[in-house]
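Overview (structure and organization)
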Amino acid sequence: YLRHVTACFLIDYLDISWKDGFRWYDYTLVDSDAAINARLWQQGGHSGISQWNFVLHPVYAAKNADPEGEYVRRWVPEMAGMPTEFIHCPWEA
């Protein structure tokens, strides 16, 4: 799920090409499968054979996948002390 959220954010919000995401994930992931990776990144980039017809909102997706903010607190130590209600939207604190 987190890979999907990341792909949507990079493509739809940061305007990064699906090809760049594909290359980085293929290089970085230990469990990368080139065929699956390419197909899913094409779909995320709205250029595959069955494009995704939705955009994940990064805050709502984060709240759904990590409601208590445990992932954020582990990997972004600067956010460790943030109250749970603001962990996914610190600009509102």
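Further up the page is the structure itself.
Read on for an overview of the structure.

Definitions and limits used
- Residues numbered from 1 in each chain as written.
- Predicted model: local features only at pLDDT ≥ 70, side-chain atom pairs only at ≥ 80, totals over all residues.
- Heavy atoms only, no water.
- 1 Å grid on protein atoms, 1.4 Å probe; cavity = no way out; pocket = protein on both sides within 12 Å on 5 of 7 lines; lining within 4 Å.
- Points joined across faces, edges and corners; volume = space filled by probe spheres on them.
- Helix = DSSP H or I, 4+ residues; strand = E, 2+ residues; numbered from the N terminus.
- Nonpolar A, V, L, I, M, F, W, Y, C, P; charged D, E, K, R; others polar.
- Contact = heavy atoms within 4.5 Å.
- Buried < 20%, exposed > 50% of the residue type's maximum accessible area, 1.4 Å probe, protein only.
- Polar contact = N/O pair within 3.5 Å; in protein donor to acceptor, adjacent residues only side chain to side chain.

**Considering the layout of surface pockets**
In this structure, the largest pocket spans a volume of roughly 450 Å³. As for the largest pocket, its lining consists of 18 residues, and the residues nearest its centre are Leu-2, Pro-58, Ala-62, Val-72 and His-88. Secondary-structure elements contributing two or more residues to the lining of the largest pocket are α1 (2–13), α4 (58–65) and α5 (70–75). When grouped by side-chain class, the residues that make up the lining of the largest pocket number 15 nonpolar, two polar and one charged. Roughly 240 Å³ of volume is contained in the second largest pocket. Elements with a contribution of two residues or more to the lining of the second largest pocket: α1 and α3 (34–44). The dominant element in the lining of the second largest pocket, judged by the number of residues it contributes, is α3, at four residues. Broken down by class, the residue content of the lining of the second largest pocket amounts to seven nonpolar, three polar and three charged.

**Examining the side chain of Asn-37**
Structurally, Asn-37 can be placed in helix α3. When near neighbours in sequence (up to four residues on either side) are disregarded, Asn-37 contacts Phe-22, Tyr-25, Asp-26 and Ser-32.

**Some words on α3**
For α3, the set of buried residues is Asn-37, Ala-38, Trp-41, Gln-43 and Gly-44. Of the surrounding secondary structure, the elements contacted by the buried residues of α3 are α1 and α2 (18–28). If you check the start of α3, you find a side-chain oxygen 3.1 Å away from the backbone N of Ala-35, and it comes from Asp-33. Once α3 ends, the next one or two residues include His-46, with phi positive near 60°.

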